[in-house]
Amino acid sequence: MAFTASLSSHIPFYNNSSTLSPNRGKTSKTTPLLCKPVAAIPPLSTATTNSVPDLSTIAVISGGSIAALAAVLSLVDPERRRQLQAEEVGGGDKEVVREYFNNSGFQRWKKIYGETDDVNRVQLDIRLGHSKTVENTMQMLNDEGSLKGIAVCDAGCGTGSLAIPLAKQGAIVSASDISAAMVAEARKKAEEELLADNGGEAPVMPKFEVKDLESLDGKYDTVVCLDVLIHYPQSKADGMIAHLASLAEKRLILSFAPKTFYYDLLKRVGELFPGPSKATRAYLHAEADVERALQKVGWKIRKRGLITTQFYFARLVEAVPA
């Protein structure tokens, strides 16, 4: 997929687990594969795309305005809207996420993950960001050699944006999602793209299942979980990271929305503009917290990077047994 100069994503990779990211203020002896300026405006990955404030709203957040806005936001609590969502579906975060991605959220994200032109500027930008995350995940996977015959678990597969290219390269893919609608769409797309390809050896169809992360079992060479931890608070994310690591024998690849003061502030701004539809709760995670969760179960980060567009941002890390 082509990226314009103004919307292009980037991801610097660092091959030594002890190397720190540029934003930690230390230099690295390794050279990043790609290096472009980081976009200042993050996405609200689980919010409705209509909920993102326009650029004129974001533009006021600079210098001393950040401190002033932080003070205002401390008095504003969007939690009541979240509680109403949970009451409507009779559960907590997980039930809200399942309900959202089986209904209005499915229709919205099906368009974002798809190829239709019926998307607005923000939706297109998020599509570009997610596509770049998938692209760089595939690069990480291919760095270790051929994927043919390698067992890969795609945890939180969405509409198959990663599972399908994995299968095309010969991987044995187990793909799951909490949303039955997402899984049905992923299976449909896989049948269209994989079974229709009669040239050469036919790839093995991914095994698609409706499962949440907690229900995943089995053993895989590699486990990949992209853009899913945003649905988990850090207290639960630690256990989920440990669970995913227990399923992987050699590699665990995660992407998550990084938590910094600036990104957290802008996320809260977005929560003040919910638009006509409701959104799921979005949790940001500090890279240090994710790294600590991995270290607790005997894993270390080998590669790390940052992917950004105007409305999408994600940390991408590859962990291996220490």
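Note that this is a predicted model, so its numbers are computed, not measured. Each residue is numbered by its place in its chain's sequence as written, counting from 1. Only residues with pLDDT of at least 70 get local features here, since the model is predicted, and only at 80 or more are side-chain atom pairs given and counted; chain-wide, interface and lining totals rely on the full set of residues. Each side-chain value is derived from all of the structure's non-hydrogen atoms; neither hydrogens nor water enter the calculation.

Describing the sheet that holds strand β6 (residues 299–308)
Threshold: By definition, two strands form a pair when at least two bridges between them are found by DSSP. By definition, any uninterrupted DSSP run of H or I lasting at least four residues is a helix, any uninterrupted run of E lasting at least two residues is a strand, and each is numbered from the N terminus. Convention adopted: a line fitted to C-alpha atoms gives each axis, helices being fitted over their contacting stretch, and angles between N-to-C directions are expressed from 0 to 180 degrees. Residue contacts are counted whenever heavy atoms from the two residues lie within 4.5 Å of one another.
Spatially, seven strands are ordered β3-β2-β1-β4-β5-β7-β6 in an open sheet, and the strand pairing comes out mixed. Each of the sheet's edge strands pairs with one partner strand only, and the pair in question is β3 (207–210) and β6. Neighbour-to-neighbour, the strand axes of the sheet open up by a mean angle of 15°, direction not taken into account. Across nine bridges, β6 lies against strand β7 (residues 313–321) in antiparallel orientation. Bridge pairing links G305 to L316 in β7. Across the sheet, helix α6 (residues 121–142) lies against β4 (220–225), β5 (248–256), β6 and β7, angled at about 20° from β7, the strand it touches most.

A look at the nonpolar core
Most often, soluble globular proteins have nonpolar side chains that are buried together. The line we're drawing: Side-chain atoms within 4.5 Å are what join buried Ala, Val, Leu, Ile, Met, Phe, Trp, Tyr and Cys residues into a set we call a nonpolar core. A simple rule labels every residue: compare its accessible area, found with a 1.4 Å probe on the protein chains alone, to the largest value its type can have, and call it buried under 20%, exposed over 50%, or partly exposed in between.
In this structure, L166 and F208 are the most contacted members of the largest nonpolar core, which totals 39 residues. When residues of this core are traced back to their parent elements, those giving at least two are α4 (93–102), α5 (104–113), α6, α7 (163–168), β2 (172–177), α8 (180–195) and β7. Counting 27 residues, the second-largest nonpolar core is a separate cluster that includes L216, V228, L229 and V290.

Focus on the confidence of the model for the protein chain
Worth spelling out the cut-off: Every residue gets a pLDDT, meaning the predictor's confidence in that residue, from 0 to 100.
Model confidence for the protein chain is summarised by a mean pLDDT of 74, while 63% of its residues fall at 70 or above. Confidence drops under pLDDT 50 across residues 69–79; counting only partners more than four residues distant or on other chains, this segment forms 16 contacts. Here residues 273–278 is a poorly scored stretch, pLDDT under 50, and it has 16 contacts once near neighbours within four places are set aside; other chains count.

Some thoughts on the packing of aromatic side chains
Quick note on the threshold: Two rings from Phe, Tyr or Trp (for Trp, the six-membered ring) form a pair when their centres sit within 6.5 Å of each other. Planes less than 30 degrees apart are called stacked, planes more than 60 degrees apart edge-to-face, and all others tilted.
Per the counting criterion, the structure on display carries one aromatic pair. A centroid spacing of 4.9 Å and a plane angle of 80° characterise the contact between Y100 and F101, whose relative ring orientation is edge-to-face. F101 carries the same exposure label as Y100, and that label is buried.

Considerations on the pattern of salt bridges
For clarity, the cut-off: Any Lys or Arg side-chain nitrogen located within 4 Å of an Asp or Glu carboxyl oxygen qualifies as a salt bridge.
According to the stated counting rule, one finds 15 salt bridges in the structure shown. Salt-bridge contacts for K250 lead to D221; the nearest nitrogen and oxygen are separated by 3.6 Å. Residue K250 is located in strand β5, and its partner D221 is located in strand β4; the two are separated by 29 residues in the primary sequence. A relative accessible area of 52% places K250 in the exposed class. With a shortest N-O distance of 2.9 Å, R302 and E318 are connected by a salt bridge. Note that R302 is positioned in strand β6 and E318 in strand β7, a separation of 16 residues in sequence. One continuous salt-bridge network, built from bridges that share partners, spans E144, R251, R302 and E318.

Let's talk about the packing of α4 against α5
Where we set the bar: Any angle between 65 and 115 degrees counts as roughly perpendicular, while under 35 counts as roughly parallel, over 145 as roughly antiparallel, and the rest as oblique. Put simply, Ala, Val, Leu, Ile, Met, Phe, Trp, Tyr, Cys and Pro go in the nonpolar bin, Asp, Glu, Lys and Arg in the charged bin, and everything else, Gly too, in the polar bin.
Where α4 meets α5, the closest approach of the two axes is 3 Å, and the angle between their N-to-C directions is 60°. Looking at the two axes, α4 sits oblique to α5. Contacts from Y100, F101 and N102 in α4 reach S104, G105, F106, R108 and W109 in α5. Of the residues in the contact of α4 with α5, the class split is four nonpolar, three polar and one charged.

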